Amino acid sequence: MLKPILLVEDNPHDLELTLIALSKSQLANEVVVTRDGAEALDYLHRRGEFDGRQLGNPAVILLDLKLPKVDGLEVLKEIRQTAELRSVPVVMLTSSKEEQDLIRSYELGVNAYVVKPVDFNEFVRAIADLGIFWAVLNEPPPGSYRYIKPK
């Protein structure tokens, strides 16, 4: 069983476009969607509605910057401060081109910062490339290889 991709996105339009783009890349990974920062942290920490989910971390987290409840920078900060989550790749996927958001994301340990393209075809291509790179081509750190479901 491949590790899932965690998509944290509150905008319904961007969510739909991202899911379309990921499906066009033909990745076999499940895409788990959370719609705010608090829900994403619940998923990662296996608490609340996610307390029964299988063990293992996602292959990559595609994280929006501007989120309700807990913003993307706070989610990133908690991920990097949690030993079990620290090595999970995080890609900030945002509309923000503000320099302070970019700087702060890298200060907190983001692996990549991608500004969402406005053009649909560019958006699809960017997301497909992200998915393929992080879920297929990227070699994860030792101890974080694909989760195989026990028999």
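Described in the following lines is the structure provided in the data block.

Some details on the packing of aromatic side chains
Per the counting criterion, the structure on display carries one aromatic pair. On the basis of an interplanar angle of 85° and a centroid distance of 5.3 Å, the ring pair of tyrosine 43 and phenylalanine 50 is categorised as edge-to-face. Assessed through its relative accessible area of 13%, phenylalanine 50 is described here as buried. When the ring centre of tyrosine 43 is taken as reference, the NZ or CZ atom of arginine 53 above it lies at 4.1 Å.

A word on the packing of helix H2 (residues 37-45) against helix H3 (residues 72-81)
Helix-helix packing is described using two parameters, namely the angle between the two axes and the distance between the axes. Look at H2 against H3: their axes get within 9 Å of each other, and the N-to-C directions meet at 20°. In terms of axis orientation, H2 runs roughly parallel to H3. Judged by the sense of rotation from one axis to the other, the crossing of H2 with H3 is right-handed. Packed against H2, whose contacting residues are Gly37, Leu41, Leu44 and His45, the element H3 presents Val75, Glu78 and Ile79 at the interface. Each residue belonging to the contact of H2 with H3 can be placed in one class, and the counts come to four nonpolar, two polar and one charged.

Quick word on the pattern of salt bridges
Tallied over the full model, the rule gives four salt bridges. The shortest N-O distance in the salt bridge between glutamate 107 and arginine 104 comes to 3.4 Å. Of this pair, glutamate 107 and arginine 104 both sit in helix H4 (residues 99-107), three residues apart, roughly one helical turn. With relative accessibility at 34%, the residue arginine 104 sits in the partly exposed group.

Some words on H3
For H3, the complete set of buried residues consists of Gly72, Leu73, Val75, Leu76, Ile79 and Arg80. Looking straight down H3, one finds its buried side chains confined to an arc of 160°; they lie on one side. For H3, the N-terminal capping position is held by aspartate 71, with its side-chain oxygen 3.1 Å away from the main-chain nitrogen of leucine 73.

Points about the sheet that holds strand S3 (residues 60-63)
One open sheet holds the five strands; their spatial order is S2-S1-S3-S4-S5, and the pairing between them is parallel. Of all strands in the sheet, those with a lone pairing partner are strand S2 (31-34) and strand S5 (112-115), marking the two edges. The mean inter-strand angle of the sheet, taken between neighbouring strand axes irrespective of direction, is 20°. Bridge count for S3 against strand S4 (residues 90-94) is three bridges, and the pairing is parallel. Looking at S4, one finds that leucine 62 is bridged to valine 91.

Things to note about H2
Along H2, the positions that sit buried rather than exposed are Gly37, Glu39, Ala40, Leu41, Tyr43 and Leu44. In the core, the buried residues of H2 are packed alongside strand S1 (5-8), S2, S3 and H3. Capping of H2 at its N-terminal end is provided by aspartate 36; its side-chain oxygen lies 3.0 Å from the backbone amide nitrogen of alanine 38.

Things to note about the environment of glycine 109
One can find glycine 109 in the loop between H4 and S5. On the accessibility criterion, glycine 109 (27% relative accessible area) is partly exposed. In sequence terms glycine 109 and arginine 80 are 29 residues apart; their C-alpha atoms lie 6.8 Å from each other.

Cut-offs applied
- Residues numbered from 1 in each chain as written.
- Predicted model: local features only at pLDDT ≥ 70, side-chain atom pairs only at ≥ 80, totals over all residues.
- Heavy atoms only, no water.
- Phe/Tyr/Trp six-rings, centres within 6.5 Å; stacked < 30°, edge-to-face > 60°.
- Buried < 20%, exposed > 50% of the residue type's maximum accessible area, 1.4 Å probe, protein only.
- Lys NZ or Arg CZ within 6 Å of the ring centre and 35° of its normal.
- Axes fitted to C-alpha atoms, helices over the stretch in contact; angles between N-to-C directions.
- Helix = DSSP H or I, 4+ residues; strand = E, 2+ residues; numbered from the N terminus.
- Parallel < 35°, antiparallel > 145°, perpendicular 65-115°, else oblique.
- Left-handed = near helix turned anticlockwise from the far one by under 90°.
- Contact = heavy atoms within 4.5 Å.
- Nonpolar A, V, L, I, M, F, W, Y, C, P; charged D, E, K, R; others polar.
- Salt bridge = Lys/Arg side-chain N within 4 Å of Asp/Glu carboxyl O.
- Arc of directions from axis to C-beta.
- Polar contact = N/O pair within 3.5 Å; in protein donor to acceptor, adjacent residues only side chain to side chain.
- Pairing = 2+ DSSP bridges.

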